[in-house]
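One letter stands for each residue in the lines below.
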Amino acid sequence: MEKSQRLSLGRILAFGVGDVFGGGSFNIFNFLYPVYIVLAVGLSPFYVAVIMFVARVFDALIDPMLGFWSDKVRVRYGTRRRTLFISAPLLVLALFLAFFPYNIEGNSEMFRFLAALFSYLFYCLVSSSIMVPYWSLASEITDDYTERGRMTSWRMGFSIFASIVCVALPGMIVDAYEGNQGYIVMSLVFGVIFMVCILVTAIFAKEGIPSDTRLDKFSLKEFIKPFKLKSFRHYLYLLLGCQITMTVMSSLFFFYVMFYYLRDVTAVGGDSFAAYIAAALMFAVQIVALPFYMHLIRRVGKTKAYIVGSVIWIIVALSLLVIPANSPYWVLFLLAALMGFGISGPGLIPHAMFGDIVDVGHLKFGVRDAGAFSGIGSFVNTSAQGIGLAIAMSIIGFAGFTEQQPGMPPIYSQPESAQTAIILLMALTPLLLLSIGIFYCTRYRLDKKRHAMVVSAIESGDEKERELILRELEG
């Protein structure tokens with residue numbers, strides 16, 4: 001087992017580059033997919049809500065099984081990395097089908113809906129077969145508290161860089177082609193890029209912590225076991241507060257910029273280049289802010305860093321309530337930069353915490369089931385994101401948002417009621433959800449000192465030491 005050893009940069013980079021897919025695909029789907037379904041496939045926001053909800057629930061249901069499988073089935077090459085190696089090529093096909101232009105004259109609305117739904121379900125299956133073992137791998141490269149923070153910082157750097165590229169470039173590729181052909185080109189380009197990055201992780205990101213080798217059957221008891229850990233439940237609240245907020249806001253961001261902030265420009269057929277710049281700037285600042293939050297982690301701990309970022313994010317989001325439509329571009333760019341600075345903290349911290357949580361689970365249950373924790377974490381996270389996104393899209397649908405009809409002229413404006421719904425969702429979601437994360441930060445006890453005690457108790461095997469630290473952490 002690797003303990004308190006500084007990881008080589010090459011190994012950190014090999015692991016971190018895998019999250020080019022995580023960060024990049026997250027933004028392609030959250031920023032571009034709702035726009036694609038409504039304005040390219042020609043389905044109403046209600047259909048978007050159904051597609052996203054059903055697919056996320058499906059995704060959530062398969063994640064724990066994938067996590068359990070990656071824990072219990074052992075091969076010489078490593079189950080986590082073997083699964084990455086097998087799944088990577090399937091991404092090209094999955095992205096191609098997810099963004100295939102089904103809005104062809106003669107295709108019924110139901111056909112378009114079912115085609116989009118099943119394509120997205122296939123994408124979710126492939127995505128989960130990559131992200132669940134990738135999350136698990138994060139806890140198995142090292143058990144050092146500080147090195148995990150360093151490794152996560154590099155990983156988030158790759159993820160956010162991919163987010164910058166994938167929030168702007170996919171839309172530009174789409175706009176560069178006539179009709180909907182740009183979606184095909186975009187999906188193939190990024191499918192290949194993601195495949196290569198995942199293969200690098202699969203080949204070179206070697207595990208440093210031995211995993212349990214038991215071969216058990218999947219059971220409900222095994223499925224719910226991580227919930228018995230209070231530290232894990234608190235971790236989930238922090239994760240959900242950030243991820244659901246980010247999902248809702250990113251899915252509505254282009255709608256907000258196109259149909260409210262720059263509505264006069266959009267109304268005359270102007271392009272959305274400013275929206276791409278603002279979104280890219282938001283993620284670029286997240287990278288710039290990472291050293292600041294890493295400094296906070298070292299000085300005051302992970303939970304306080306989460307709180308600082310959340311407060312900044314909430315304040316900037318609330319300012320959207322008073323920003324008038326058609327304000328200058330520089331105001332939009334400033335808002336995006338400030339919001340990115342806030343997002344960086346809550347976006348980083350849960351990833352840095354995950355390995356620590358797995359260590360506490362190892363201490364409590366006597367086995368290292370990283371896959372079980374990543375599977376159930378992904379189950380809760382994707383389910384909640386699906387519900388949150390479905391509610392948000394349903395709200396703007398009820399508010400009168402108008403979708404693109406096949407063969408009809410492009411839509412350049414939306415009713416005021418839909419604009420108001422988008423603004424309220426963008427402004428109030430951070431306040432409602434991040435406040436929950438902030439509250440549970442005050443109850444989270446796993447700091448650097450206690451984590452060192454956890455590792456010591458695992459290595460010593462002393463039952464009294466184990467009971468003492470668990471009582472302190474779990475209450």
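Preceding block: the structure.
Let me begin by describing the structure that accompanies this report.

Calculation criteria
Residues numbered from 1 in each chain as written. Predicted model: local features only at pLDDT ≥ 70, side-chain atom pairs only at ≥ 80, totals over all residues. Heavy atoms only, no water. Helix = DSSP H or I, 4+ residues; strand = E, 2+ residues; numbered from the N terminus. Areas by Shrake-Rupley, 256 points an atom, 1.4 Å probe, with all protein chains shown as cover. Core = buried A, V, L, I, M, F, W, Y, C linked by side-chain atoms within 4.5 Å. Buried < 20%, exposed > 50% of the residue type's maximum accessible area, 1.4 Å probe, protein only. Axes fitted to C-alpha atoms, helices over the stretch in contact; angles between N-to-C directions. Parallel < 35°, antiparallel > 145°, perpendicular 65-115°, else oblique. Left-handed = near helix turned anticlockwise from the far one by under 90°. Contact = heavy atoms within 4.5 Å. Nonpolar A, V, L, I, M, F, W, Y, C, P; charged D, E, K, R; others polar. Phe/Tyr/Trp six-rings, centres within 6.5 Å; stacked < 30°, edge-to-face > 60°. Salt bridge = Lys/Arg side-chain N within 4 Å of Asp/Glu carboxyl O. Patch = residues over 30% accessible without salt bridge, like charges linked within 9 Å, V, L, I, M, F, W, Y side chains within 5 Å. 1 Å grid on protein atoms, 1.4 Å probe; cavity = no way out; pocket = protein on both sides within 12 Å on 5 of 7 lines; lining within 4 Å. Points joined across faces, edges and corners; volume = space filled by probe spheres on them. Expected span 1.5 Å × (residues − 1). Arc of directions from axis to C-beta.

### Quick word on the overall build of the chain
Phase 1 of the analysis: From N to C terminus, the chain includes 18 helices and zero strands.
Phase 2 of the analysis: Summed over its atoms, the accessible surface of the chain is roughly 18200 Å², and 68% of this surface lies on carbon and sulfur atoms.

### Comments concerning the nonpolar core
Side chains of nonpolar character tend, in soluble globular proteins, to be buried together.
Phase 1 of the analysis: In terms of nonpolar packing, the biggest core is built from 159 residues, with Y33 and F99 touching the most fellow members.
Phase 2 of the analysis: The element best represented in this core is helix α10 (residues 230-261), accounting for 21 residues.

### So, the packing of helix α2 (residues 19-41) against helix α8 (residues 181-204)
Phase 1 of the analysis: Closest axis-to-axis distance for the α2/α8 pair is 11 Å, and the angle between their directions is 165 degrees. In terms of orientation, α2 lies roughly antiparallel with respect to α8. Taken as a pair, α2 and α8 cross one another with a handedness that is left-handed. Packed against α2, whose contacting residues are V20, F21, G24, S25, I28, L32, Y36 and A40, the element α8 presents Y183, M186, F190, F194, C197 and I198 at the interface.
Phase 2 of the analysis: Among the residues making up the contact of α2 with α8, the classes are represented as twelve nonpolar, two polar and no charged.

### Quick word on the packing of aromatic side chains
The relation between two aromatic rings is expressed through the spacing of the ring centres and the mutual angle of the planes.
Phase 1 of the analysis: The full count for this structure, using the stated rule, is 35 aromatic pairs.
Phase 2 of the analysis: Ring geometry for Y36 versus F99: centroids 5.1 Å apart, planes at 55 degrees, classification tilted. Of this pair, Y36 sits in helix α2 while F99 sits in the loop between α5 (90-98) and α6 (109-138), and the two are 63 residues apart along the sequence.
Phase 3 of the analysis: The class of F99 is buried, set by a relative accessible area of 0%.
Phase 4 of the analysis: Judged by centre distance (5.4 Å) and plane angle (90 degrees), the ring pair of F254 and Y276 falls under edge-to-face.

### Things to note about the environment of F31
Phase 1 of the analysis: Mapped onto the elements of the fold, F31 is located in helix α2.
Phase 2 of the analysis: Its relative accessible area of 1% is what places F31 among the buried residues.
Phase 3 of the analysis: Between the alpha carbons of F31 and V167 there is a distance of 6.7 Å; along the sequence they are 136 residues apart.

### Regarding the pattern of salt bridges
Phase 1 of the analysis: For the structure on display, the rule yields six salt bridges.
Phase 2 of the analysis: Two residues, K302 and D356, come together in a salt bridge whose shortest N-O distance is 2.6 Å. With a gap of 54 residues between them, K302 in helix α13 (residues 302-318) and D356 in helix α14 (residues 329-365) connect regions that are remote in the sequence.
Phase 3 of the analysis: With a relative accessible area of 5%, K302 lands in the buried category.

### Here we look at the side chain of T247
Phase 1 of the analysis: With respect to the helices, strands and loops of the structure, T247 is situated in helix α10.
Phase 2 of the analysis: Setting aside chain neighbours within four positions, we find T247 in contact with F26, N30, R56, Q385 and L389.

### What about the packing of α5 against α6?
Geometry of a packed helix pair, given as the angle between the helix axes and the separation of the axes.
Phase 1 of the analysis: Packing of α5 against α6 brings their axes to within 8 Å, and their N-to-C directions diverge by 150 degrees. Compared by their axis directions, α5 and α6 come out roughly antiparallel. The hand of the α5/α6 crossing is left-handed. Seen from α5, the contacting residues are L90, L91, L93, A94, L95, L97 and A98; seen from α6, they are S119, F122, Y123, V126 and I130.
Phase 2 of the analysis: Per-class residue counts for the contact of α5 with α6 are eleven nonpolar, one polar and no charged.

### Quick word on unusual backbone geometry
Phase 1 of the analysis: In this structure, N326 is a non-glycine residue whose phi angle is positive, near 65 degrees.
Phase 2 of the analysis: Note that N326 resides in the loop between α13 and α14.
Phase 3 of the analysis: You can call N326 partly exposed: its relative accessible area is 33%.

### What to know about a nonpolar patch on the surface
Phase 1 of the analysis: A contiguous nonpolar surface patch, about 600 Å² in accessible area, is contributed by L318, L321, V322, L424, L428, L431 and L432.
Phase 2 of the analysis: It is helix α16 (residues 416-441) that contributes the most residues to the nonpolar patch, four residues altogether.
Phase 3 of the analysis: The exposure class assigned to L431 is partly exposed, which follows from its relative accessible area of 35%.

### Structural notes on the environment of C166
Phase 1 of the analysis: Of note, C166 is situated in helix α7 (residues 145-175).
Phase 2 of the analysis: Assessed through its relative accessible area of 5%, C166 is described here as buried.

### Focus: the environment of A384
Phase 1 of the analysis: Of note, A384 is situated in helix α15 (residues 370-398).
Phase 2 of the analysis: With relative accessibility at 17%, the residue A384 sits in the buried group.
Phase 3 of the analysis: Linking A384 and L240, residues 144 residues apart in sequence, is a C-alpha distance of 7.3 Å.
Phase 4 of the analysis: Ignoring sequence-local partners within four residues, the contact set of A384 consists of L240 and I244.

### Topic: empty space enclosed by the protein
Phase 1 of the analysis: With the rule as written, the count across this model stands at seven cavities of 30 Å³ or more.
Phase 2 of the analysis: For the largest cavity, the calculated volume is near 650 Å³.
Phase 3 of the analysis: Among the residues making up the lining of the largest cavity, the classes are represented as twelve nonpolar, 17 polar and four charged.

### Here's the deal with helix α18 (residues 463-474)
Phase 1 of the analysis: Taking 1.5 Å per residue, twelve residues should reach 16 Å; α18 reaches 16 Å between its end C-alpha atoms and fits that length.
Phase 2 of the analysis: Looking only at α18, the buried set comprises R466, I469, L470, L473 and E474. Mapping the buried residues of α18 onto a view down its axis gives an arc of 115 degrees, with all of them on the same face. In α18, those exposed residues whose orientation departs by more than 90 degrees from the buried face are K464 and R471.
Phase 3 of the analysis: For α18, the secondary structure elements touched by its buried residues are α10, α14 and α17 (448-460).

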